[in-house]
Amino acid sequence: MSAPDFKAIEEKWQRRWAEARIFEANPDPSKPKFFATFPYPYMSGPLHVGHGYTSVRVDVVARYKRMKGFNVLFPWAWHWTGETVAGASERIKRGDKKFIEALRVIDGVPEEELEKFVEPAYMAKYYTDYNREAVKRLGLSIDWRREFHTTSLHPWFSRFVEWQYLKLREKGYVVKGTHPVVWCPRCQSPVGDADRLEGSGVYPEEYVLVKFALDDAYLPAATFRPETIFGATNLWLNPEAEYVEAEVNGEKWIVSQEAAEKLKLQLRKVRILRVFRGCELVGRRCREPIHGRMLPILPGWFVKPESASGVVYSVPAHAPYDWIALKDLQENPKLLEEFGISPEEVKAVEPISIISVEGLGEYPALEISESLGVRDQHDPKAEEATKLVYKREFHKGVMKENCGAYAGLPVAEAKQRITEDFKARGLFDSMYDLPERVVCRCTTLCTVKILQDQWFLNYSNPEWKQRVKEALSMMEVYPREARAWFEAVVDWLRDWACTRKTGLGTPLPWSPDWIVETLSDSTVYMAFYTINRLIREEAIPAEKLTPELFDYVFYGLGDLERLAGELGLNAELIKALREEFLYWYPVDLRNSGKDLIQNHLTFFIFHHVALFPREHWPRAVAVNGFMRVEGEEMHKSKGNFIPLRKAVEEHGADVTRAVVLLAAEGLDDPDWRAESLREVKANLSSLQRFILEAWRAEGKDEAEEVEAWLLSMLGGRAEKVAEALEVLKTRTALENALYEVWKDFRWYLRRTKPHPPTVRRAIKIWIRLLAPFIPHLCEELWEKIGGEGFVSLAPWPSREEAPQNLEAEELEEALKLLLEDTKHILKVTGIKPSKICYYTASPWKWEVYLEALKRGRAQVKQLIGEALSKPEARRLGKQIARMVEEASRLENSARERRLEIGMVDEASFLRRVKGFLEGELKAEVYVFREDEDGIYDPKGKASMAEPYRPAIYVE
RNA sequence: GCGGGGGUCGCCAAGUCUGGUCAAAGGCGCAGGGCUUAGGACCCUGUCCCGAAGGGGUUCGUGGGUUCAAAUCCCACCCCCCGCACCA
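Okay, so let's go over this structure. (Residues numbered from 1 in each chain as written. Chains lettered and ligands numbered in written order. Predicted model: local features only at pLDDT ≥ 70, side-chain atom pairs only at ≥ 80, totals over all residues. Heavy atoms only, no water.)

The buried count for strand 7 (residues 217–223) comes to six of seven residues, which makes it a mostly enclosed element. Relative to strand 7, strand 6 (residues 205–214) runs antiparallel, the two being bridged by seven bridges. Of the residues in strand 7, the one forming a bridge with lysine 211 is proline 220. Two successive antiparallel strands, strand 6 and strand 7, enclose a turn made up of two residues, where aspartate 215 displays a positive phi of approximately 55 degrees. (Buried < 20%, exposed > 50% of the residue type's maximum accessible area, 1.4 Å probe, protein only. Helix = DSSP H or I, 4+ residues; strand = E, 2+ residues; numbered from the N terminus. Pairing = 2+ DSSP bridges.)

Given below as C-alpha cells:
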C-alpha cells in the first residue's frame, strides 16, 4: 500500500471542519468551558515553525479538552502594534537593498506587493493574510469568527485598549515618570536592541560623580566604585582632550566637551563658559570632598573624554589602571616635564589601601597587575586586571578602619551607603552613560537621554507585585521549573514605559500624541475575543464601544436600560455581551515561548490582577522552548529560517505537527531536523497501513486473557496521555499515544492470532488517542473504519471501553520476563534446547509471598523468620529469604496490584500459552507445578520457583 | 555580577518533587538474525564489565554527608545554557 496522500486528506478535512463549523464555540451553560489562547503573533513577517510548535501545543490541548466534553474556545488574532512594521516600511521607502532582498528571498514576497509595503498598514495586512493561510493549513481548531488585529486600524480593538488604559489610570497603575534611554539624536527616538548597527545589549549605566573642588569650580570625577574615594590619591585628566568649563544647574563644572553635551540630554541646564585643553589644569591641586585632602591633578592619557564626565580620580591601591599610570609617571619623569610638575611630588604619591580582601595583600591592584603581567596603561590586560580586582573586592572585600563610618562594612554594602549618604550631602552627583559604543541603524552614534513625562505602568508598585504573586500562587504554571522564573520576574520588574511617539497603535485616550506601546496593549485582550463574535455578527459600530459599555460588559456596572438607550443598542444584545464574557472568562490556558515570561506573560498577569476580580484571573500559563534548526538557532540572517507555511505545504500538517511535538518538552528547545521529518513521515505512513491492516485482520473467534491485556493496557495508555496533556507534556503524550500503543499492538500480534472484535475496539480507541495530535489522518482513518461523525468531536476513550485487568497485565508481564530469562539462559549457557521445562510456585510460597506484600518492608526480618519456620521452607533458607525481601521491598503501587490480584494459577496460564513459547523458543515446552508428584526435574530446579517467576530447566 | 534552568550508560533523552520494582524507559546509532531479486521499509535479538542457569561487579558532573537503602535527600565545589528591559 502506498503512502497516504497527506495533502489531499488535510484539505478534505479542513474543508469539512469549516463547513460543519465544528470549532465555532458559543456559550453553552450545559457544558464546562475551556478557554485556550496563544499570544497573537506580530505581523512584520511570515510565521515560522516555532510559532507552529507553540500554537500546536495549544491546539492539542484544545482538541483533547473538546473530546473530554468541554466547550472549547480557541481564538486567534494578529498583532500590528509597534515600531517594527512602521520601521520596515520606512526601510523599504528608503530603498534599503539588503532588507528588500531579504523580503523577496526569505519571505517570498512578490514584486508587485513589495512596492506597496511602503504603507505599513498594507504590509501588516499582507502578512496577516499570508499567515492566516499557514495557520489554517496547520489544522488548528480555531473559532475564526472572533479574529481581529490591533491598532487604531481596527477601531473596535482601539476602543477596548482605551477603556483598559482609562481604568488603569483611575486605579493608579499608570503614572508619569522619568527614565534614561539609549537615544539617537538624529532619529530623535529611543533605540532598542533591534534597531542598532552596533552595541546590542548595551544599556545606560549610572556613574557616580565625585565632586572635587578647584577654586570655585567642581571636577566631577566619574566612577562605578564610589567607595574607593577614601583611597583617592590624585585626579586624572587627559592632557590632550578638550574640556569645558560650564555652568551646570547653577554650579561651575569642569568636564569633557562630550560630557557637556551628554549632560544637556540628562535634564541639566548647561551653559558652556569656555573650552580648553586638559593640560591646562594638569599640575594644579584640587580638594577631595570627604576629608578635604588636597590632591594633585596628573596627566592620564588613558582617560577617555567620550566616557562619562572625562574626569577620573585615582585609587592606585585598588585600581590597576591607576596603579600603572602612576608607576609610568614615577618611572618616566620626562613625561612630566611639559606640565611643570616636580617628579618629587609624583614620587610622593603613595597608594592608600582601604579595602582588605582575603587572599590578597595590601595593594590588590599592584598584585594582580603583576601576576597578569600588565605592561602599561595601553595593555588590554589592564582591563582584565580591573575586572578581576573589582570582582574580588566587591564580593569578598571589607572596608578598612581608615574609611570612617564605613569601616568594617562589606564593600557591596559600603558602596550603596556611601553613594546615598554623599549624594544627600551634595558631595556626589551622578550621570548616565553607555559602557560601549551604540550606533543606530541610521548610522548615528547614540547617547543617553533622560525622557521625562513618559507614561509608565508602575510595575514596581509593591502592592501590585504582591497581588500578582498571589495570582501566580493560585495559577498552574507549566512546566514546573518555570514558576520560580515567573516569581523572579515579578520581583525584578521595574516601571515600564507604556507609550511611544511613533509606530502603529492606539493613541492614549487622555493624551493622544502618545501611542500605547506594543507590549502594553496586549495584556488583557483575551477578554475582547469573548465579545468580538457578537460585535461582528451584530455589526456594532466602534463608536458605541464606550467606556460605560465596557464597564457593564466586564464589571456589570451601570444601568442596562439607560445604557442601551444612550447607545441606541438593544439591551438584550448588551446583556448577551456580558453573558458571553462571563461564560468564557477567565482564560484557562495561555501558552507561549519561554522568552515571553519576562514580559508579556507576566504583564498579562499584572493587568488581569489590576483590572479584573479574582474569579477572572488567569488559571494557567505554559511555556516552551524555541525552535532550532539542525541544532542551530533559527535566524533569518543565518539563512535557516523555516516559514510555517512552507513547512506545512512541503511536509503536510500532520507531519509538521508530529515532528515539532516529538522534538521537545518543558523548557528544552525543539529541533527541526530533516532526519526527524523523514522518520515521522515514514511512521505516519506505516501507521495508517498498520491500522487498516489490523482492522481487516482475521484470526480467532474467542477472546482470551491477552485480549483483556490489550484493552487494559490501552486504557492505561489513555490515562497516561490524558495526564500528560493536563500538564502540557505534549511530547510524553504523543509518545505514549503513538509509540507505546503501537508497541502493545505489536506484542499482541506476535503473541496471538487477532481476535477481530477486540482489535477493532482497540483501534477505535487508538485513533481517538491520536486525534489531538494528527487530526487529519485520524479523521481519515475514523471515516474508513466507519466511525461516527468527526473524530475531533468523538469522546475521549473511557475506562469502560478499555477496562483495567490487573491479572492479565501481571501475567503478561511475567510471560515477557519468563521469555527473556529463558533466552538469557540459553545465551549464557550456549545450549541449543530440545526441551524446556517450567515449574510454577507451590501454594505455600504464594502464601508467604502475599504475606510479604501485605506487611511490607518494616517487617522483613520477622517475616523471614516466620517463613523459615515452615518445614518446606527451611531447606530453601536463602532463596526464601531473598524472595520475601524482594516482595516486601516492591514499590507500594506494585505491591497493591499484586495483593489485589491474590494467588494466580500460573501453571494453567503457561499451559495455555505453550504454543506461543514453543514458537518463540523453537523447543518443546513442558509446564509443571512445583508440588506435583512425579514431575520431570532431573536437576532439581523446581524448588527455585517463585510466584511470578517460574523455575526454568533447559536441556 | 544578578536572576532562572541544567550536567544520567556512544548521541538525544526519561527518571529527581513523592529514596527501594534502577544497570536505569524511549529514540537514534552500532552489531547479528528474519523478510526481500536487491536496496528501502518492516520485524526480532543484542549493545557498561564478567559469567556454561535467570547471577555477580562497577556506574548517573566532583567530593563529602544522611539512611538498612541515594541518579533521587543535605552540604561544598566544578562546568554548561538562557535572560538582564522602552523591545517584538
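Alright, that's what it looks like, and here's the rest.
Time to look at the nonpolar core. Core analysis: the biggest nonpolar cluster contains 168 residues, and Trp672, Leu687 and Leu917 have the highest contact counts within it. Grouped together as the second largest cluster of nonpolar side chains are 77 residues, Tyr173, Ile531, Ala564 and Phe581 included. (Core = buried A, V, L, I, M, F, W, Y, C linked by side-chain atoms within 4.5 Å.)

Now for the packing of aromatic side chains. With the rule as written, the count across this model stands at 65 aromatic pairs. Cation over ring: arginine 16 sits above tryptophan 13, and NZ or CZ is 4.7 Å from the ring centre. For the cation-ring pair, lysine 835 lies above tyrosine 936, with the distance from its terminal atom to the ring centre recorded as 4.1 Å. (Phe/Tyr/Trp six-rings, centres within 6.5 Å; stacked < 30°, edge-to-face > 60°. Lys NZ or Arg CZ within 6 Å of the ring centre and 35° of its normal.)

Hydrogen bonds between backbone groups are what pair the strands of a sheet, and the pairing can be parallel or antiparallel. Taking strand neighbours across the sheet as the criterion, the three strands line up as 22-24-23 in an open arrangement whose pairing is antiparallel. The strands lining the two open edges of the sheet, one partner per strand, are strand 22 (499–500) and strand 23 (507–508).

Take the environment of tyrosine 40 next. Mapped onto the secondary structure, tyrosine 40 falls in the loop between strand 1 (33–37) and helix 2 (49–67). When the C-alpha positions of tyrosine 40 and glycine 877 are compared, they lie 70 Å apart, and in sequence the two are 837 residues distant. Contact partners of tyrosine 40, with chain neighbours within four places excluded, come to Ala77, Trp78, His79, Phe148, Thr150, Phe157, Asp521, Ser522, Tyr525 and Arg590. For tyrosine 40, the side chain forms a polar contact with the side chain of serine 522, separated by 2.8 Å. (Contact = heavy atoms within 4.5 Å. Polar contact = N/O pair within 3.5 Å; in protein donor to acceptor, adjacent residues only side chain to side chain.)

Residues Ala951 and Tyr953 of strand 32 (residues 951–954) are buried on one face, and the alternating residues Ile952 and Val954, pointing to the opposite face, are buried as well. One ladder, built from four bridges, connects strand 30 (residues 835–840) with strand 32; its direction is antiparallel. From the neighbouring strand, cysteine 837 faces strand 32, where its bridge partner is tyrosine 953.

So, on to helix 27 (residues 775–784). The buried fraction of helix 27 amounts to eight of the 10 residues, a majority that puts the element mostly inside the structure. Turning to helix 27, its buried residues number three or more, namely Pro775, His776, Leu777, Cys778, Glu779, Glu780, Leu781 and Trp782. Where the residues of helix 27 are buried, they touch helix 1 (6–20), helix 2, helix 22 (653–663), helix 23 (674–696) and helix 26 (756–770). Glycine 786 lies just past helix 27 and shows a positive phi near 80 degrees.

In this section: a negative patch on the surface. Residues Asp559, Glu561, Glu572 and Glu579 make up a contiguous surface patch of negative charge. Mapping glutamate 572 onto the fold places it in helix 19 (residues 571–584). By relative accessible area, which is 55% here, glutamate 572 ends up exposed. (Patch = residues over 30% accessible without salt bridge, like charges linked within 9 Å, V, L, I, M, F, W, Y side chains within 5 Å. Areas by Shrake-Rupley, 256 points an atom, 1.4 Å probe, with all protein chains shown as cover. Salt bridge = Lys/Arg side-chain N within 4 Å of Asp/Glu carboxyl O. Lys, Arg positive; Asp, Glu negative; His and termini not counted. Charge placed at Lys NZ, Arg CZ, Asp CG, Glu CD.)

With that settled, consider empty space enclosed by the protein. This model, assessed by the stated rule, comprises one cavity of 30 Å³ or more. By volume, the largest cavity amounts to about 40 Å³. Taken together, Leu811, Ala814, Leu815, Leu818, Glu906, Phe909, Leu910 and Pro950 make up the full set of residues lining the largest cavity. Taken together, the elements giving at least two residues each to the lining of the largest cavity come down to helix 28 (806–829) and helix 34 (906–912). Per-element tally for the lining of the largest cavity: the top contributor is helix 28, with four residues. Grouping the constituent residues of the lining of the largest cavity by class yields seven nonpolar, no polar and one charged. (1 Å grid on protein atoms, 1.4 Å probe; cavity = no way out; pocket = protein on both sides within 12 Å on 5 of 7 lines; lining within 4 Å. Points joined across faces, edges and corners; volume = space filled by probe spheres on them. Nonpolar A, V, L, I, M, F, W, Y, C, P; charged D, E, K, R; others polar.)

The volume enclosed by the second largest pocket comes to roughly 1,500 Å³. Contributing to the lining of the second largest pocket are 44 residues, with Tyr207, Phe224, Lys304, Ser307 and Glu383 lying nearest its centre. Of all the secondary-structure elements, those providing two or more residues to the lining of the second largest pocket are strand 6, strand 7, helix 8 (257–264), strand 14 (311–314), helix 9 (320–331) and helix 12 (381–396). In terms of residues, the lining of the second largest pocket owes the most to one element, helix 12, which gives five residues.

Attention now moves to the packing of helix 23 against helix 26. Relative orientation of the contacting elements helix 23 and helix 26 amounts to 155 degrees, with a least axis distance of 9 Å. In terms of orientation, helix 23 lies roughly antiparallel with respect to helix 26. Helix-helix and strand crossings are classified by hand; for helix 23 and helix 26 the assignment is left-handed. Note on element contacts: helix 26 touches helix 23 through Val759, Arg760, Ile763, Lys764, Trp766, Ile767 and Leu770, opposite Leu687, Phe690, Ile691, Ala694, Trp695 and Arg696. Tallied by class, the residues present in the contact of helix 23 with helix 26 amount to 10 nonpolar, no polar and three charged. (Axes fitted to C-alpha atoms, helices over the stretch in contact; angles between N-to-C directions. Parallel < 35°, antiparallel > 145°, perpendicular 65-115°, else oblique. Left-handed = near helix turned anticlockwise from the far one by under 90°.)

In the region of RNA strand B, 53 residues are neighbours, and Tyr42, His179, Arg480, Thr518 and Glu891 sit closest. Take the atoms of RNA strand B that sit within 4 Å of the protein: sugar and phosphate atoms are 55% of them. Here a base nitrogen of RNA strand B and a backbone polar atom of tryptophan 492 are 3.1 Å apart. Between RNA strand B and the protein, one listed contact pairs a sugar or linking oxygen with a side-chain N or O atom of aspartate 821 at 2.8 Å. Looking at the surface near RNA strand B, the element that brings in the most residues is helix 28, giving six residues. A class-by-class count of the residues in the surface near RNA strand B yields 22 nonpolar, 11 polar and 20 charged. (Near = heavy atom within 4 Å.)

Honestly, it's all geometry; don't read function into it.
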